[in-house]
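# Fold and geometry: a report
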Amino acid sequence: MIFSPAEYTITQHLKEQFKIRVGEATQEEIMEMIQNGTVILDTNTHRYIRYKNLRFPCIRTSPGKYYVKSVIVEGMYMNPQ
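Below: a short report on this structure. Predicted, not measured: the structure shown is a model, and the values here were computed from it.

A count of helices and strands for the protein chain gives 2 helices and 5 strands. The order of α-helices and β-strands along the protein chain, N terminus first, is β-α-α-β-β-β-β. For the protein chain, with 81 residues in total, the buried portion stands at 30%. Summarising the internal contacts of the protein chain: among those between residues at least 6 apart in sequence, 41% fall at separations of at least 24.

Attention shifts here to the pairing of strand E4 (residues 54-62). Note: strand E3 (residues 46-51) against E4, 6 bridges, orientation antiparallel. Bridging across to E4, tyrosine 51 finds its partner in leucine 54. Counted along the chain from E3 to the antiparallel partner E4, the turn is 2 residues long, and its residue lysine 52 has a positive phi close to 55°. Pairing of E4 with strand E5 (residues 65-68), which is carried by 4 bridges, proceeds in the antiparallel orientation. Considered in E5, the bridge of cysteine 58 is made with valine 68.

Turning to the packing of helix H1 (residues 12-21) against helix H2 (residues 27-36), a few remarks are in order. A packed helix pair is summarised by two numbers, namely the angle formed by the two axes and the spacing between the axes. Packing of H1 against H2 brings their axes to within 11 Å, and their N-to-C directions diverge by 95°. One way to sum up the angle between H1 and H2 is to call them roughly perpendicular. The residues of H2 that touch H1, namely those facing Leu14, Lys15 and Phe18, are Gln27, Ile30, Met33 and Ile34. Tallied by class, the residues present in the contact of H1 with H2 amount to 5 nonpolar, 1 polar and 1 charged.

In this structure the tally under the stated criterion is 3 salt bridges. Between aspartate 42 and arginine 47 there is a salt bridge; the shortest N-O distance is 3.1 Å. Using a relative accessible area of 32% as the deciding quantity, one classes aspartate 42 as partly exposed. Ionic contacts of the salt-bridge type, sharing partners, join the residues Asp42, Arg47 and Arg60 into one network.

Reading the values: the criteria
Residues numbered from 1 in each chain as written. Predicted model: local features only at pLDDT ≥ 70, side-chain atom pairs only at ≥ 80, totals over all residues. Heavy atoms only, no water. Helix = DSSP H or I, 4+ residues; strand = E, 2+ residues; numbered from the N terminus. Buried < 20%, exposed > 50% of the residue type's maximum accessible area, 1.4 Å probe, protein only. Contact = heavy atoms within 4.5 Å. Pairing = 2+ DSSP bridges. Axes fitted to C-alpha atoms, helices over the stretch in contact; angles between N-to-C directions. Parallel < 35°, antiparallel > 145°, perpendicular 65-115°, else oblique. Nonpolar A, V, L, I, M, F, W, Y, C, P; charged D, E, K, R; others polar. Salt bridge = Lys/Arg side-chain N within 4 Å of Asp/Glu carboxyl O.

This is the structure we're talking about:
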């Protein structure tokens, strides 16, 4: 399935969790990972993006717009809502 381009907003929580779980990265580097990632799950309210071994859960705020709320690393679970 092809997904139309979306606008992603990185939250402060994501930046903090990325630093703890993955390491230092600029906002631009994180955004590049999200933009180059693959949508692995898309629901009415959420989208999950995978980039290598990272998963980014996103909350849909309006059509085509998402807040990226955190980062999930290998070995962690995600529960779709």
